[in-house]
Amino acid sequence: MLILRNATLATMVPGGTAYGLIENGALAIRGSDIIWLGPESEMPTSMSVWPQENLGGRLVTPALIDCHTHIVFGGNRAREFELRLKGASYEEVARAGGGILSTVTATRAASEEELLASALPRVDALLAEGVSTIEIKSGYGLDVETELRMLRAARRIGEQRQVRIRTSYLGAHAVPPEFKGRADDYIDEVCRVALDRAAEEGLADAVDGFCEGIAFSPEQLDRLFSRAAQVGLPVKLHAEQLSDLGGAKLAAYHGALSADHLEYLGADGIAALANAGTTAVLLPGAFYTLREPQLPPLQALRDAGVPIAIATDCNPGSSPLTSLLLTMNMACTLFRLTPEEALAGATREAARALGIADAGSLEVGKRADLAVWDVREPAELAYRIGFNPLYKRYFAGTA
């Protein structure tokens, strides 16, 4: 049992004050859960004998949630970063055998232990910024055994660190060289086999895909998502990053948790997401790294009432980003989210994008996954660039 008192609480509960703010607040933790919060003057007298921590007016928010990462991988793609700076497009690099496929080569050559060891420093960078939950995708194996190896390494991160891991099977990330020109065969002979194995072994919490001209068509992904439904896994989708192939409509049709990227999302896709209740996950790190000219349709998403989350998209190629705080700033400066939308996108809406109901806001009955910040105003979290004001992180009630 613990009382956190003399704090400003940004509960992120919608419908009230901005940020769901409670000034001069207190919060009570028993075990792993929040059991009371509100103005300190209204705290039940029975709690006055509990251990207390005076936070000195600091800000408390839900712990941050990174709802889209590819944080387990082999090698790096610094060389391709140089090529893009010399004028090569992301698609040109990919078609020349670089891009995702270069990471596939390095990942296939890495053991589970090596994948885990290389991922942990990236994970630690996120935890140091108050992150409590990380989604991790496979997708750099593109064969059955390497895809499963990536998912096992991701699961082990949750055993070695105080962090909640959600895994997404992303076998439909790219067509491997051995299936060049045979994307349909790859879906049937590799993706579905690995999906079934991942489901049987409990390695995946969701199924993802990349709907793009350099990856897979809506028709191919429809077959994979239908199989996901048969094995009881929800779906997510990389959609409309480089063009509009109707991926968002496909995601909505399958009741996807989220559709991610969305720079080229059109009006019909927005309507489909709104009707399905699918969360839009915006990824400013990839937009920034690739120097994309097309902004996601933020105002249209707002107008349609589509929930908007943000994430680092941490990956070796298009978003080598391991700071969710910087992501919040980039979401504001590049995409014009408000600081409140950015914080909601990294907490409440990120939880929604993962199908997590017990985190993302400060409410009675939710997990005590908290971040305590050395700031006075919530907007400071998105305002600063390259500065980490985290004072303390609580994971399931434990600092």
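As the structure is a prediction and not an experimental result, all values here were calculated from the model.

Here's the deal with the sheet that holds strand 9 (residues 206-211)
Spatially, the eight strands line up as an open sheet ordered 6-7-8-9-10-11-12-13, and their pairing is parallel. This sheet does not close on itself; its edge strands, each paired only once, are strand 6 (64-66) and strand 13 (308-310). On average, adjacent strands in this sheet sit at an angle of 25 degrees to one another, irrespective of strand direction. Bridge count between strand 11 (residues 258-261) and strand 12 (residues 279-282): three bridges; the pairing is parallel. Its bridge partner being in strand 12, Ser258 is matched across the sheet by Thr279. Against the sheet, helix 6 (residues 183-200) touches strand 8 (164-172) and strand 9, its axis set at about 160 degrees to strand 8.

Looking at the UniProt feature "binding site: 4-imidazolone-5-propanoate" (unreviewed entry) in the protein
Mapped onto this numbering, the UniProt entry annotates "binding site: 4-imidazolone-5-propanoate" (unreviewed entry) at Arg77, Tyr140, His173, Gln241 and Ser318. Within the secondary structure, His173 is located in the loop between strand 8 and helix 6. Apart from residues lying up to four places away in sequence, His173 is in contact with His70, Ile100, Gly139, Tyr140, Leu142, Phe210, Ala215 and Phe216. Looking at His173, its side chain comes within polar contact range of the main-chain oxygen of Gly139, at 3.0 Å. With respect to the helices and strands, the residue Gln241 is situated in the loop between strand 10 (236-239) and helix 8 (247-253). Beyond its immediate sequence surroundings of up to four residues, Gln241 is in contact with Phe210, Glu212, His261, Leu262, Glu263, Tyr264, Ala286 and Leu290.

A closer look at the side chain of Thr146
Along the polypeptide, Thr146 turns up in helix 5 (residues 144-160). Look past the residues within four positions of Thr146 in its chain and what remains in contact with it is Thr107, Arg108 and Gly141.

Here's the deal with unusual backbone geometry
The phi torsion at Met12 lies on the positive side, around 60 degrees, for a residue other than glycine. When you line up the elements, Met12 lands in the loop between strand 1 (2-10) and strand 2 (21-30). According to the relative accessible area criterion, Met12 is buried, its value standing at 1%.

A short note on the nonpolar core
Counting 95 residues, the largest nonpolar core has Leu64, Val72, Ile134, Ile157, Val207, Phe216 and Met328 as the members making the most contacts within it. With eight residues, the single largest contributor to this core is helix 6. Apart from residues lying up to four places away in sequence, Ile134 is in contact with Asp66, Thr69, Val123, Leu126, Leu127, Val163, Arg164, Ile165 and Arg166. Ranked by size, the runner-up nonpolar core spans 16 residues in total, among them Ile22, Leu37, Val60 and Val372.

Quick word on the packing of aromatic side chains
Tallying each qualifying case throughout the model produces four aromatic pairs. Relative to Tyr140, the ring of Phe73 lies with its centre 6.4 Å away and its plane at 85 degrees, an arrangement referred to as edge-to-face. Taken together, the residues span a long stretch of sequence, with Phe73 in the loop between strand 6 and helix 1 (78-85) and Tyr140 in the loop between strand 7 (131-137) and helix 5 at a distance of 67 residues. Each of the two residues, Phe73 as well as Tyr140, counts as buried. Taken together through their ring pairs, the aromatic side chains of Phe179, Tyr186 and Phe216 make up a single cluster. Note that Arg58 overlies the ring of Tyr391, its terminal NZ or CZ placed 3.8 Å from the centroid. Directly above the ring of Phe73 sits Arg122, whose terminal nitrogen or CZ lies 3.7 Å from the centroid.

Regarding the UniProt feature "binding site: Zn(2+)" (unreviewed entry) in the protein
UniProt feature "binding site: Zn(2+)" (unreviewed entry): in the numbering of this structure it lies at His68, His70, His238 and Asp313. Across 246 residues, the annotated set stays spatially compact, with a maximum C-alpha separation of 12.2 Å. Here His68 lies in the loop between strand 6 and helix 1. Judged by its relative accessible area of 0%, His68 is buried. Look past the residues within four positions of His68 in its chain and what remains in contact with it is Glu135, Lys137, His238, Asp260, His261, Val281, Leu283, Ala311, Thr312, Asp313 and Cys314. Here His238 shows up in strand 10. Leaving out residues up to four positions away in the same chain, His238 has contacts with His68, His70, Lys137, Leu170, Asp208, Gly209, Phe210, Cys211, Asp260 and His261. In this structure the side chain of His238 is engaged in a polar contact, spanning 3.3 Å, whose partner is the side chain of His70.

Quick word on the layout of surface pockets
Approximately 250 Å³ is the volume found for the second largest pocket. With three residues, helix 13 (residues 339-345) is the largest single contributor of residues to the lining of the second largest pocket. Classifying every residue of the lining of the second largest pocket gives eleven nonpolar, five polar and five charged.

Reading the values: rules and limits
- Residues numbered from 1 in each chain as written.
- Predicted model: local features only at pLDDT ≥ 70, side-chain atom pairs only at ≥ 80, totals over all residues.
- Heavy atoms only, no water.
- Pairing = 2+ DSSP bridges.
- Helix = DSSP H or I, 4+ residues; strand = E, 2+ residues; numbered from the N terminus.
- Axes fitted to C-alpha atoms, helices over the stretch in contact; angles between N-to-C directions.
- Contact = heavy atoms within 4.5 Å.
- UniProt positions renumbered as here; feature names shortened; annotations may be inferred.
- Polar contact = N/O pair within 3.5 Å; in protein donor to acceptor, adjacent residues only side chain to side chain.
- Buried < 20%, exposed > 50% of the residue type's maximum accessible area, 1.4 Å probe, protein only.
- Core = buried A, V, L, I, M, F, W, Y, C linked by side-chain atoms within 4.5 Å.
- Phe/Tyr/Trp six-rings, centres within 6.5 Å; stacked < 30°, edge-to-face > 60°.
- Lys NZ or Arg CZ within 6 Å of the ring centre and 35° of its normal.
- 1 Å grid on protein atoms, 1.4 Å probe; cavity = no way out; pocket = protein on both sides within 12 Å on 5 of 7 lines; lining within 4 Å.
- Points joined across faces, edges and corners; volume = space filled by probe spheres on them.
- Nonpolar A, V, L, I, M, F, W, Y, C, P; charged D, E, K, R; others polar.

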